[in-house]
Amino acid sequence: MGSKRGLRSVAQRLDKSFTLISRWSRTWEWVERARAYDNDLERQERAEAAKDLKETRKRQRKTGYFMQKKATEALDRLNIEYLDANAIIRLIVEGAKLERGNLLEEAGFLQPTGTPSRNGQQGPADGGIDWSKLTDADLRKLASMDGGDDDEEE
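Residues numbered from 1 in each chain as written. Predicted model: local features only at pLDDT ≥ 70, side-chain atom pairs only at ≥ 80, totals over all residues. Heavy atoms only, no water.

Time to look at the layout of surface pockets. Each pocket or cavity is described by its volume, and for the second largest pocket that value is around 210 Å³. Around the second largest pocket, the lining comprises 11 residues; the ones closest to its centre are Arg-5, Gly-6, Trp-30, Val-31 and Ala-34. Sorting the residues of the lining of the second largest pocket by element identifies helix H1 (7-14) and helix H3 (30-77) as the ones contributing at least two each. Counted by class, the lining of the second largest pocket contains seven nonpolar, two polar and two charged residues. (1 Å grid on protein atoms, 1.4 Å probe; cavity = no way out; pocket = protein on both sides within 12 Å on 5 of 7 lines; lining within 4 Å. Points joined across faces, edges and corners; volume = space filled by probe spheres on them. Helix = DSSP H or I, 4+ residues; strand = E, 2+ residues; numbered from the N terminus. Nonpolar A, V, L, I, M, F, W, Y, C, P; charged D, E, K, R; others polar.)

What follows is the structure, encoded as structure tokens:
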């Protein structure tokens, strides 16, 4: 009966007296049984949510691994002569953050955070890569990365 569940509702629905329904409720411990039922429903919902979260994390780990793999391939092909000091520093800082965060998370000091958020656009003003300094060959190499899965994983 959900949120409308109550002894008066039951009495009306069954066309019985409230006194009789109250006695049956005490005799058969309806309140405790209803609470146990509600608790079981909540437990089932939590279990389903935990399963969904586990599947989501697994999918995100796989996606994250793929993205890192492609980013690493791009870094390997990138002509670093065209990176300014800010871009190089940012690569070092972001790599250190990623490594530190994973180590702390693995050790149980941090909760998993998912995908980090980015503020603003990436560009030379915020220490990003100045794409205008890349050669046509570098840009073609980056563009050729179609996101296909070249290697089997796991």
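Read on, since the account is not over.
Along an α-helix, residues three or four apart share an orientation, since each turn contains 3.6 residues. Leu-20, Ile-21, Ser-22 and Ser-25 are the residues of helix H2 (residues 18-27) that are buried. Looking at the buried residues of H2, the elements they touch are H1 and H3. Taken from the residues just after H2, Glu-29 is the one with a positive phi, measuring 55°. (Buried < 20%, exposed > 50% of the residue type's maximum accessible area, 1.4 Å probe, protein only. Contact = heavy atoms within 4.5 Å.)

As a further point, take the confidence of the model for the chain. Averaged over the chain, the pLDDT score is 77; the fraction of residues at 70 or greater is 70%. At the level of individual helices and strands, the chain shows its lowest average pLDDT in helix H5 (residues 136-143), which scores 66, and its highest in H2, which scores 96. Predicted confidence for residues 114-128 stays below pLDDT 50, and this span has 17 contacts to residues more than four positions away or in other chains. Contacts from residues 146-154, a stretch scored under 50 in pLDDT, to residues over four places away or in other chains number 13 contacts. (pLDDT = per-residue confidence, 0-100.)

So, on to a nonpolar patch on the surface. On the surface, a cluster of nonpolar side chains totalling about 330 Å² of accessible area is made up of Leu-14, Trp-24 and Trp-28. Tracing the sequence through the fold places Leu-14 in helix H1. Its relative accessible area of 46% is what places Leu-14 among the partly exposed residues. (Patch = residues over 30% accessible without salt bridge, like charges linked within 9 Å, V, L, I, M, F, W, Y side chains within 5 Å. Areas by Shrake-Rupley, 256 points an atom, 1.4 Å probe, with all protein chains shown as cover. Salt bridge = Lys/Arg side-chain N within 4 Å of Asp/Glu carboxyl O.)

What follows covers the pattern of salt bridges. In this structure the tally under the stated criterion is five salt bridges. We note a salt bridge from Lys-70 to Glu-73, for which the minimum N-O separation is 3.4 Å. Note that Lys-70 and Glu-73 are positioned in helix H3 at a spacing of three residues, about one turn of the helix.

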